[in-house]
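Next come the chains, spelled out residue by residue.
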Amino acid sequence: MRRTALAALCLAATAAASLTGCLPGEEKADSKPKGPFAGQTGGEIADQAVKATSNASSLRMKGDIKDDDGSRVGLDMALDRKGECAGTMSANGQGKADLVKTGDTLYMKYDEKFLRAQSDGASKEETDGVVAMLAGKWTKMSATGSDAKDIASFCDLDTVLADFQDVNSDATRGKTTTVDGTPAIVLHEKDGKDTYTLYVATEGKPYLLKVVSKSAKDPGTVTFGDFDTPVPAEKPAGKVMDLDAMGG
């Protein structure tokens, strides 16, 4: 699996909520805004959203983002501060991989399309062999091993949210809307030619619900939900291939 894809997964959770260097003076005619967060600037709301989201004990991320090599990475992952996670990932919409980390073990299951999409440079014989061995089967390996530690670190919410702090946002307030049924306020960020749209919950805690990046380098959309909900990270039932024991 390409390390760039793993880096992109981490980026999805942090890029848009750790904006710095945004254009100043964008908060016009907003000195005494009404409605949700009455009297607060867009920047103040964004700062509250970052704080609330970074204090969550667990959350779920769903997104589609651009990898370093130009491919698209999709993810739907629940993770918590104990390092537990469960969900799926894909590359360019070609198949998917299921992932579960519980305790010190990382479990993964790949479908054929995903394995073939990740086999660039390998011969047909090698790829066919990998597919025959792994497709549709749960595997496991130590989460502290060299092949798994990057994904395992992504499963730690503290690591993923490391940049969620003191963003000093200059966001501007937008309209109110809903994200998956949750009332939200829209905020707009700008950094040079790049624009970002943030959606913040207006009821309950001001969680960051959605980020849309129209950055030339890191375009994509990420949604957040299931805050403080237990992560369904359970050891897969049935036979599991031990890749460490196989020298994988």
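Structural notes, computed from the coordinates. As the structure is a computational prediction, the values presented were derived from the model and not from experiment.

Regarding helix 2 (residues 42-54)
Step number 1: End to end, helix 2 covers 18 Å across 13 residues, agreeing with the expected 18 Å (1.5 Å per residue, within 8%).
Step number 2: Where helix 2 is concerned, the buried positions are G42, G43, I45, A46, A49, V50, A52, T53 and S54.

Quick look at the packing of aromatic side chains
What describes a pair of aromatic rings is the distance from one ring centre to the other and the angle between the planes of the rings.
Step number 1: One pass over the full model with this rule turns up two aromatic pairs.
Step number 2: Centroid distance Y110 to F114: 5.8 Å. Interplanar angle 25 degrees. Geometry classified as stacked.
Step number 3: Between Y207 and F227 the ring centres are 3.8 Å apart and the planes differ by 5 degrees, which places this aromatic pair in the stacked class. Placement of the pair is Y207 in the loop between strand 9 (194-201) and strand 10 (208-213) and F227 in the loop between strand 11 (220-225) and strand 12 (241-242), with a sequence separation of 20 residues.
Step number 4: We classify F227 as buried; its relative accessible area is 14%.
Step number 5: The lysine or arginine in question, K210, covers the ring of Y199, its NZ or CZ lying 5.2 Å from the ring centre.

Let's talk about the side chain of E84
Step number 1: In this structure, E84 sits in the loop between strand 2 (72-80) and strand 3 (85-91).
Step number 2: Although E84 lies buried, it forms no salt bridge, and the closest oppositely charged side chain, K101, sits 5.1 Å away as judged by the N-O distance.
Step number 3: A distance of 2.8 Å separates a polar side-chain atom of E84 from the backbone nitrogen of G103.

Quick word on the state of the cysteines
Step number 1: Taken as a whole, this structure holds one disulfide when the rule is applied.
Step number 2: The disulfide bridge from C85 ends at C155, spanning 2.0 Å between sulfur atoms. Taken together, the residues C85 in strand 3 and C155 in the loop between helix 5 (149-154) and helix 6 (157-160) connect sequence positions 70 residues apart. For the pair shown, C85 and C155 are each scored as buried.

About the criteria used
- Residue numbers here run from 1 along each chain, matching the order of that chain's written sequence.
- Local features in this predicted model are restricted to residues whose pLDDT is 70 or higher, and side-chain atom pairs enter the listing and the counts only when it is 80 or higher, whereas totals over whole chains, interfaces and linings include all residues.
- Note: side-chain values were computed over all heavy atoms of the structure, leaving out hydrogens and water.
- Under the scheme used here, helices are H or I runs from DSSP no shorter than 4 residues and strands are E runs no shorter than 2 residues, and both carry numbers assigned from the N terminus.
- Multiply 1.5 Å by the residue count of a helix minus one, and that product is the helix's expected span.
- With a 1.4 Å probe rolled over the protein chains alone, any residue whose accessible area is under 20% of its type maximum counts as buried; one over 50% counts as exposed, and the rest are partly exposed.
- Stacked, edge-to-face and tilted labels apply to pairs of Phe, Tyr and Trp rings (six-membered ring for Trp) whose centres lie within 6.5 Å, assigned for plane angles under 30 degrees, over 60, and everything in between, in that order.
- Whether a charge sits over a ring depends on NZ of Lys or CZ of Arg being within 6 Å of the ring centre and within 35 degrees of the ring normal.
- By the counting scheme adopted, Arg and Lys are positive, Glu and Asp are negative, and His together with the chain ends is not counted.
- Think of a salt bridge as a Lys or Arg side-chain nitrogen and an Asp or Glu carboxyl oxygen that are within 4 Å of each other.
- Whenever two N or O atoms come within 3.5 Å, that pair is a polar contact, provided that in protein one can donate a hydrogen and the other can accept it, and provided that, for residues adjacent in sequence, both atoms are side-chain atoms.
- Here, the term disulfide refers to a pair of cysteine sulfur atoms separated by no more than 2.5 Å.

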